[in-house]
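Structural overview
Chain by chain, the residues run as shown.
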Amino acid sequence: MSDPQHVLSARFQAALGAAFGEPDADPVIRPSQFADFQANVALPLAKKLGRKPRDLAAEIVERLDVADMCEKVEISGPGFINVTLRDEWIAGQAQIMHGDERLSVEPTAAPQTTVVEYSSPNVAKEMHVGHLRTTIVGDAVARVLEFLGHNVVRDNHLGDWGTPYGMLIEHLLDVGEDSPEALLLETDPNAFYQAARAKFDGDETFAERARRRVVSLQAGDPETMRHWERLVDLSKVYLNTIYRRLGVTLTDDDIRGESFYNDMLAETADELAASGVATISDGALCAFPPGFTGRDGDPLPMIIRKSDGGYNYSSSDLATIRYRVDKLTVDRMIYVVGSQQALHFQMLFAVARMAGWLPDGVRAEHAQIGNVLGSDGKIFRTRSGKSIKLTELLDEAVERAGAAFDDVPHDEPFDEVARREVVEAVGIGAVKYADLSVARDSEYVFDFDRMISFRGNTGPYLQYATARIRSIFRKGGVAPEDAIGPISVEHTAERALALHLLGFGAALATAAEAAEPHRLCAYLFDLASAYTTFYENCPVLKAPDEDTRTSRLALCALTLRTLSKGLDLLGVITPERM
Ligand code: ARG
């Protein structure tokens, strides 16, 4: 463990235990303006113990065993404890981190089975930018948790069940299961959907057939199920094209769509009725979780079974929770879904807790995803008001990335094949990083120019930063793997860079705990900035002496590894050359 905040926490806790028998008190270690870190624990503890914070601070410092790592420990203000780390300690920890395959990020001592539910688009429909964002954010959350040693279950809760399937199946049969029209599902699902919809709205005999088909689908009629499967399979081709292009880790094995829970719905509803958690209201079976009221102040129902006997989105989400808790024995469920569904999830978790299906020890979180807006401030659409075709959006990103790429200086020329590969990585990386770097629950305006810029907190900037480090190694004729140090820190910019490097594990832990990849983005961006300051102030290849050169090359290599690993955990590719 190299992260100074963690190490200091442990040392302070030992002192707190020795001084006051409070080894579990949070020492409240924070970065400080006046030193490297400050411990604020004396203030809350003073309240608890009814004593003066400055006195407590003095007693803590007296018991604090940090001579090996701290240069200075000072009490300031009402009782803050400011600590300044020793340069040698920072250098030594950076050296340990560099020698460790996992960059000193130890796998968690308490692995949790965690369902990360993300993407979850609907069959026979275009994925929209909202789905794109849940896909990208969810994938990063899954990668980070997995790296930290958790047992991650990726779960793509595909919308693959419900009344539209009658119409879609009939249309599929009309055009022929292998016809070019059917294959539209693989490339342009909206076109297929709209053709089916037009017939449904304009042709009463078709509509009648579609309704009958829904009945056979719900009854599990084998032939109907076969057609339904064909429909889903064609849609999977479409989804996989997008996932592969995005470098998203979802596969067909991760799909557990709404249909998967179909057989469990009746039992779920019956149990809710039997336990009294749900009651009949206006013919429908409803649960009324306490604290949820409508505009008129009346209790808000969660409809479990409609008055016609049909089930819905909520029924299947309840069955899903039961399945995950009982069969997957989850510790944590993270639903990476649009913020419009916030109320649905609040009520869902409340009802599941009432029913006893969501025990206290299991965390259920709605990781809300904010809307992606167009420049007009409204939900992002094409000029003609249609929803954006995702493949076209990605094509445009890559095309624009090409123009931006040709604008920045390159050490060596690129042949067409190499250029195309890099530009694809830059365009896709830009789109992904734009989704990741904003707090996931906030809205943001989709802006190609901003996300593809090589300046600022963008994917291309960070990719370029790694490529620039590699180019130093090429120029120096050294392989990054061979730059093993020893690391020493003398210049303030070296010290600041090394200290920031040591915070990698803490940044990952925070991102994982909150399911917030933007925290990792912020860390990496700050790291790249610390590196730039270092590079501007500390010549590497032309360092004044051999030891300094060796140390600086090692710092470059460690920065490269940390940036690359961080970007990899965000699902952003780092080209070797740019
Ligand atoms: N398919 C849904 C949609 O496109 C999202 C599903 C979210 N997950 C859930 N368990 N309800 O809006």
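Residues numbered from 1 in each chain as written. Predicted model: local features only at pLDDT ≥ 70, side-chain atom pairs only at ≥ 80, totals over all residues. Heavy atoms only, no water.

What follows deals with the environment of G77. For G77, the position within the fold is in the loop between strand 3 (70-76) and strand 4 (80-85). Sequence separation of G77 and E271 is 194 residues, and the distance between their C-alpha atoms is 60 Å. (Helix = DSSP H or I, 4+ residues; strand = E, 2+ residues; numbered from the N terminus.)

Turning our attention to the site of the ligand. Near the ligand you find E117, S120, N122, H131, H157, Y313, D317, Y335, V337, Q341 and F345, and these make up its full shell. The backbone of S120 places a nitrogen or oxygen atom 2.9 Å from a nitrogen atom of the ligand. Within the side chain of N122, one N or O atom sits 2.9 Å away from a nitrogen atom of the ligand. When residues of the shell around the ligand are traced back to their parent elements, those giving at least two are helix 12 (313-326) and strand 10 (332-338). The residue makeup of the shell around the ligand, split by class, is four nonpolar, five polar and two charged. (Near = heavy atom within 4 Å. Polar contact = N/O pair within 3.5 Å; in protein donor to acceptor, adjacent residues only side chain to side chain. Nonpolar A, V, L, I, M, F, W, Y, C, P; charged D, E, K, R; others polar.)

Across the interface, helix 6 (residues 164-175) lies against helix 10 (residues 222-246) with an axial gap of 10 Å and an inter-helix angle of 90°. Between helix 6 and helix 10, the interaxial angle falls into the category roughly perpendicular. Residues Y165, L168, I169, L172 and L173 of helix 6 pack against T224, H227, W228, R230, L231 and L234 of helix 10. Partitioning the contact of helix 6 with helix 10 into residue classes produces eight nonpolar, two polar and one charged. (Axes fitted to C-alpha atoms, helices over the stretch in contact; angles between N-to-C directions. Parallel < 35°, antiparallel > 145°, perpendicular 65-115°, else oblique. Contact = heavy atoms within 4.5 Å.)

Here we have three strands laid out as an open sheet, ordered 7-8-9, and antiparallel in their pairing. Only two strands of the sheet have a single partner each, and these edge strands are strand 7 (278-281) and strand 9 (302-305). On average, each strand axis in the sheet is inclined to that of its neighbour by 45°, with strand direction left out of account. As paired strands, strand 8 (residues 284-287) and strand 9 are joined by three bridges and run antiparallel to one another. (Pairing = 2+ DSSP bridges.)

By size, the foremost hydrophobic cluster in this structure holds 156 residues, and its most contacted members are F12, L168, L393, L508, L520, F534 and L570. Grouped together as the second largest cluster of nonpolar side chains are 33 residues, L265, F292, F345 and A364 included. (Core = buried A, V, L, I, M, F, W, Y, C linked by side-chain atoms within 4.5 Å. Buried < 20%, exposed > 50% of the residue type's maximum accessible area, 1.4 Å probe, protein only.)

With 21 residues, helix 20 (residues 517-537) should cover 30 Å at 1.5 Å per step; its first-to-last C-alpha distance of 31 Å lies within 8% of that length. Burial in helix 20 covers these residues: P517, H518, L520, C521, Y523, L524, L527, A528, A530, Y531 and F534. Packing partners of the buried residues in helix 20 comprise helix 5 (129-147), helix 15 (416-437), helix 17 (459-476), helix 18 (492-501), helix 19 (504-514) and helix 21 (546-570). (Expected span 1.5 Å × (residues − 1).)

The N-to-C vectors of helix 9 (residues 204-218) and helix 10 enclose an angle of 100°; their axes lie 8 Å apart at closest approach. In terms of their interaxial angle, helix 9 and helix 10 are classed as roughly perpendicular. Contacts from R213, S216 and L217 of helix 9 reach helix 10 at T224, M225, H227 and W228. Split by residue class, the contact of helix 9 with helix 10 holds three nonpolar, three polar and one charged.

Attention now goes to the packing of aromatic side chains. Taken as a whole and assessed by the stated rule, the structure comprises 15 aromatic pairs. Taking the centre distance of 5.8 Å and the plane angle of 75° together, the rings of Y261 and Y323 count as edge-to-face. Of the two residues, Y261 sits in the loop between helix 10 and helix 11 (265-275) while Y323 sits in helix 12, which places them 62 residues apart along the sequence. Comparing Y261 with Y323 shows no difference in burial state: the two are buried. Where F405 meets F414, the ring centres are 5.3 Å apart and the plane angle is 80°; that geometry is what we call edge-to-face. Overall, F405 belongs to the buried group, its relative accessible area being 2%. Taken together, the ring pairs connect F260, Y261 and Y323 into an aromatic cluster. Taking the ring centre of F260 as reference, the NZ or CZ of R256 above it sits at 5.4 Å. Above the face of the F414 ring, R577 is positioned so that its terminal group lies 4.3 Å from the ring centre. (Phe/Tyr/Trp six-rings, centres within 6.5 Å; stacked < 30°, edge-to-face > 60°. Lys NZ or Arg CZ within 6 Å of the ring centre and 35° of its normal.)

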